[in-house]
Amino acid sequence: GTKKPMEKRMSRREIMNQPMKKFYARRRSHSQISDTERRYKQTNRNYAPVPLGRDTEAEKDRLASFMETNGGENKKTTKKCIAPTQTGKAKSRREELEEAIEERLVFLAEMDQLGKAQLYK
């Protein structure tokens, strides 16, 4: 096959001064794709894709905490402790419903004392 001559490496300023190309959805040849990747790597030297299998949710949490602290010390997050299960019998559905009704009645009584019971009835 024919070999392309080695292209001169452009400086960042030269790359930035080039006119913007409009990219439309079209089929591109392998050489066009590799040229695009080469130019992208030249302008974004610090770019590194996220490795496969990495926990993106954990990374999002890490970046969110970094932004909350304005780039300061990143607080070590501790995993939430799960409450130990009760050693007694599991509650039946009926008992759960009775407790929910009782909580609701207590809540309504408190709201009635505050004068806001009509909002929750």
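Please refer to the structure higher up on the page.
Residues numbered from 1 in each chain as written. Predicted model: local features only at pLDDT ≥ 70, side-chain atom pairs only at ≥ 80, totals over all residues. Heavy atoms only, no water.

Colleague: Can you help me understand the overall build of the protein chain in this one?
Modeller: Each helix and strand counted, the protein chain has five helices and zero strands in total. Reading the protein chain from its N end, one meets helices and strands in the order α-α-α-α-α. Evaluated residue by residue, the protein chain yields a buried proportion of 7% over its 121 residues. (Helix = DSSP H or I, 4+ residues; strand = E, 2+ residues; numbered from the N terminus. Buried < 20%, exposed > 50% of the residue type's maximum accessible area, 1.4 Å probe, protein only.)

Colleague: How do you make sense of the layout of surface pockets when you look at a structure like this?
Modeller: Any empty space left between the atoms is revealed when a probe the size of a water molecule rolls over them. Its boundaries defined by the atoms lining it, the largest pocket holds a volume of some 750 Å³. Lining the largest pocket are 23 residues, with Q18, D35, T36, R39 and Y40 positioned closest to its centre. Across the lining of the largest pocket, the residue classes tally to nine nonpolar, six polar and eight charged. (1 Å grid on protein atoms, 1.4 Å probe; cavity = no way out; pocket = protein on both sides within 12 Å on 5 of 7 lines; lining within 4 Å. Points joined across faces, edges and corners; volume = space filled by probe spheres on them. Nonpolar A, V, L, I, M, F, W, Y, C, P; charged D, E, K, R; others polar.)

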